[in-house]
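In case you want the letters, here they are:
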Amino acid sequence: AQSVAQPEDQVNVAEGNPLTVKCTYSVSGNPYLFWYVQYPNRGLQFLLKYITGDNLVKGSYGFEAEFNKSQTSFHLKKPSALVSDSALYFCAVRDGGRSNYQLIWGAGTKLIIKP
Amino acid sequence: ETGVTQSPTHLIKTRGQQVTLRCSSQSGHNTVSWYQQALGQGPQFIFQYYREEENGRGNFPPRFSGLQFPNYSSELNVNALELDDSALYLCASSFRQGPDTQYFGPGTRLTVL
């Protein structure tokens, strides 16, 4: 069965420090992996995705994510955190080999950036 | 902004009533997916429509139904509302070709009393 785990409910980082939000996944075929961000009372905003190719994917707002096939992980990173990065972050996966285009979502990680 | 719009923004209903939520896709997108997001949780897939036909369904009962129109806009209908249906309902549009990225609307907050 397909699944996504975000092991940390909350991540606290000081402004200017690097941040990492963790995600691991399980799919039977090749994974299509996505990161989205959600601000309070708002919909989900697309940050980046991994389909194939370079394991380091760059996205919006200076975020990047590293795909690690052996560890089935897709951690979100940013070299220098901003207070405005504080939000709820979701990792999602789709099995690229299936015709069902359903996205499976993690439970989310609340990122708090302190000044 | 993604160009995906949803209406209404907020809705309050009572148990047993029926509700219709609406979604307009981003221009050029032919696929719409609906999700339910309960407070403090990740989105749960309800179903997806591609060219006016249901293309995949999550673990939701038949009282959750949908439509997609020729202009690719969509409706989510929920009959016999229950208290647990209270949630944020998200619509996402995409262009179904390859690893389509889904772009989300702002959501409709449904409260069932």
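(A) Summary view of the overall build of chain B. Helices and strands together make up the secondary structure of chain B, namely zero helices and 11 strands. Shown N-terminal to C-terminal, the secondary structure of chain B runs as helices and strands in the order β-β-β-β-β-β-β-β-β-β-β. Taking 13 Å as the expected radius of gyration for a compact globule of 113 residues, we find that chain B reaches 13 Å, a close match to that expectation. Along the three orthogonal principal directions, the C-alpha set of chain B runs to about 40 × 30 × 25 Å. The burial tally for chain B puts 50% of its 113 residues in the buried class. A sequence separation of at least 24 residues applies to 53% of the contacts in chain B between residues at least 6 apart. Working note: accessible area of chain B is about 5,300 Å², and carbon and sulfur atoms make up 48% of it. Averaging the locations of the 8 positively and 9 negatively charged side chains of chain B gives two centres separated by 4 Å.

(B) Examining the interface of chain A and chain B more closely. Taken together, the 21 residues of chain A in the interface contact 24 residues of chain B. When the buried area of chain A at its contact with chain B is split by residue, A:L44, A:Y101 and A:W105 rank highest and sum to 32% of it. Inspection of the region where chain A meets chain B yields three residue pairs in polar contact (both at pLDDT 80 or more). If you list the elements that add at least two residues to the side of chain A that touches chain B, you get β5 (31-38), β6 (44-50) and β10 (87-95) of chain A. A total of four residues in the side of chain A that touches chain B trace back to one element, the largest contributor, which is β5(A).

(C) Structural view of the sheet that holds strand β1 (residues 5-7) of chain B. All names here are of chain B. Pairing within the open sheet is antiparallel, and its four strands lie in the order β1-β3-β8-β7. Every other strand in the sheet has two partners, leaving β1 and β7 (64-68) as the edge strands with one partner each. Put simply, the sheet's adjacent strands are angled 20° from each other on average, direction ignored. Bridge analysis of strand β3 (residues 19-24) against strand β8 (residues 74-78) gives five bridges, and the strand direction is antiparallel. Each bridged residue has a counterpart across the sheet, and for T20 the counterpart in β8 is N77.

How each quantity is defined
Throughout, a residue's number is its position along its own chain's written sequence, starting from 1. As a convention, the first chain written is A and the first ligand written is 1, with the rest following in written order. Side-chain atom pairs in this predicted model are given and counted only at pLDDT of 80 or more, local residue features only at pLDDT of at least 70, and totals for whole chains, interfaces and linings cover all residues. Think of the side-chain values as coming from all heavy atoms in the structure, minus any hydrogens and water. Numbering of helices and strands runs from the N terminus, with a helix taken as a DSSP run of H or I at least four residues long and a strand as a DSSP run of E at least two residues long. Only the C-alpha atoms count toward the radius of gyration. The rule for a globule is 2.2 Å times the residue count to the power 0.38. Whether a residue is buried, partly exposed or exposed follows from its accessible area with a 1.4 Å probe, protein chains only, as a fraction of its type maximum: under 20%, in between, or over 50%, in that order. Contacts: residue pairs with any heavy atoms within 4.5 Å of one another. In these tables, accessible area is a Shrake-Rupley quantity obtained with a 1.4 Å probe, and a residue counts as shielded only by the protein chains included in the view. In this count, Lys and Arg are taken as positive residues and Asp and Glu as negative ones, while His and the chain termini are left out. Note that the charge is assigned to NZ on lysines, CZ on arginines, CG on aspartates and CD on glutamates. Accessible area that two parts lose when put together, evaluated with a 1.4 Å probe and summed over both, is termed the buried area. The term polar contact refers here to a pair of N or O atoms within 3.5 Å; inside protein, the definition further demands a hydrogen-donor-capable atom paired with an acceptor-capable atom, and it admits residues adjacent in sequence only when both atoms are side-chain atoms. Between any two strands, pairing holds if DSSP finds at least two bridges. With axes taken as lines fitted to C-alpha atoms, and helix axes fitted only over the stretch in contact, angles between N-to-C directions fall between 0 and 180 degrees.

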